[in-house]
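# Architecture at a glance
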Amino acid sequence: MSDNNDSSVAFLYTNPFGRVVLWFLLHGNYSGIAAFLFRTRLSSLFIPSFVKKHGIDMTPWQGQKFRSFADFFIRKKNISFDAEPTHLISPCDAWLSVYPVAEDASFAIKGSRYKVADLIAGDDTNLAAQFTGGVCLIFRLCPTDYHRYLYIDDGFQGKNHFIKGELHSVQPICAEKYPIYTLNRRMWTPLDTAHFGKVIQTEIGALVVGGINNYYQDVPMKKGDEMGRFEFAGSTITMLFQKDKIALLPQIADATQNGTEYKVSAGQQIGTAQ
């Protein structure tokens, strides 16, 4: 089971007054203001209470001083990963959910129907059609998770495509009310992997602030290397796989039936190549 929706987010998305506040958050320049504040030295004062409230294990960063909350949020640590070439690993710490891609290249999440072409903003309908009958993996990061992500395989990373969108929360209650994965700010990238075929990976921003930083494009990639990071908020990664390219581990396949989320860690094996 995943964590519950945050009470403040539930207020924004279910309370009539909260929805008014949400409108201002989505349409004002609050992302720029928040980004500025999180980079100030004063914001570092919020780190101890945040760590305590969410029970974050700070052992990997023992003794390290953070200049700001933003510096703390993108903290780096060494990640161990399953190096077996045919093992599919999670790119990040997250709650994982799994959805089949139908014959019309669409999939349903929490009452909303998505087309692959919509996820990539129709940039390449021929590319979208290649994922018919495949599977969509959704990795939902919480604000307390480690916010850097890894390459899942050796291969070649194509061009990053940035789509300027809104910044809805990515918590489950929001996905029930809005098609957040096609509304939100996002960056999609084609990955030609050595063992899992062509993959479309999309990083999606979240409420108020949604920094997405992919370090490279049009370069060779190596499994386990750091691909990029999110900045300032809980976020999401979606990964589209073509038909019959991967098989999830049985325990994960069973646990994620009907959209249920399963907790995974960066570098952890979640499946195998077919």
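Below, the structure is looked at part by part.

The rules behind each value
- Residues numbered from 1 in each chain as written.
- Predicted model: local features only at pLDDT ≥ 70, side-chain atom pairs only at ≥ 80, totals over all residues.
- Heavy atoms only, no water.
- Buried < 20%, exposed > 50% of the residue type's maximum accessible area, 1.4 Å probe, protein only.
- Helix = DSSP H or I, 4+ residues; strand = E, 2+ residues; numbered from the N terminus.
- Pairing = 2+ DSSP bridges.
- Phe/Tyr/Trp six-rings, centres within 6.5 Å; stacked < 30°, edge-to-face > 60°.
- Lys NZ or Arg CZ within 6 Å of the ring centre and 35° of its normal.
- Axes fitted to C-alpha atoms, helices over the stretch in contact; angles between N-to-C directions.

With six of its seven residues buried, strand S2 (residues 94-100) lies for the most part within the structure. Where S2 and strand S16 (residues 262-264) come together, three bridges link them in antiparallel fashion. When the sheet's bridge partners are listed, Trp95 is paired in S16 with Lys263. As paired elements, S2 and strand S5 (residues 135-140) share six bridges and run antiparallel to each other. Paired with Tyr99 across the strands is Cys136, a residue of S5.

Enumeration according to the criterion identifies eight aromatic pairs in this entry. Ring geometry for Phe66 against Phe72: centres 5.5 Å apart, planes inclined by 80°, an arrangement best described as edge-to-face. Across this residue pair, the class does not change: Phe66 and Phe72 are buried. For the cation-ring pair, Lys77 lies above Tyr146, with the distance from its terminal atom to the ring centre recorded as 5.1 Å.

Read from one edge to the other, the open sheet built from three strands follows the order S1-S17-S15, with strand pairing classed as antiparallel. Because the sheet does not close on itself, it has two edges, and the strands there are strand S1 (87-89) and strand S15 (246-248). Strand-to-strand twist across the sheet, computed as the mean angle between neighbouring axes with direction ignored, equals 40°. One ladder, built from three bridges, connects S1 with strand S17 (residues 269-273); its direction is antiparallel. By the bridge assignment, His87 is partnered in S17 with Thr272.

This part is about the sheet that holds strand S11 (residues 211-214). The three strands are arranged S6-S13-S11 in an open sheet whose pairing can be described as antiparallel. Both edges of this open sheet fall to strand S6 (148-150) and S11, since each of them pairs with a single strand only. Across the sheet, the mean angle from the axis of one strand to that of its neighbour is 20°, orientation sign disregarded. Sheet topology note: the S6/strand S13 (residues 226-231) ladder contains three bridges and is antiparallel. Opposite Tyr149, over in S13, you have Gly228 as the bridge partner.

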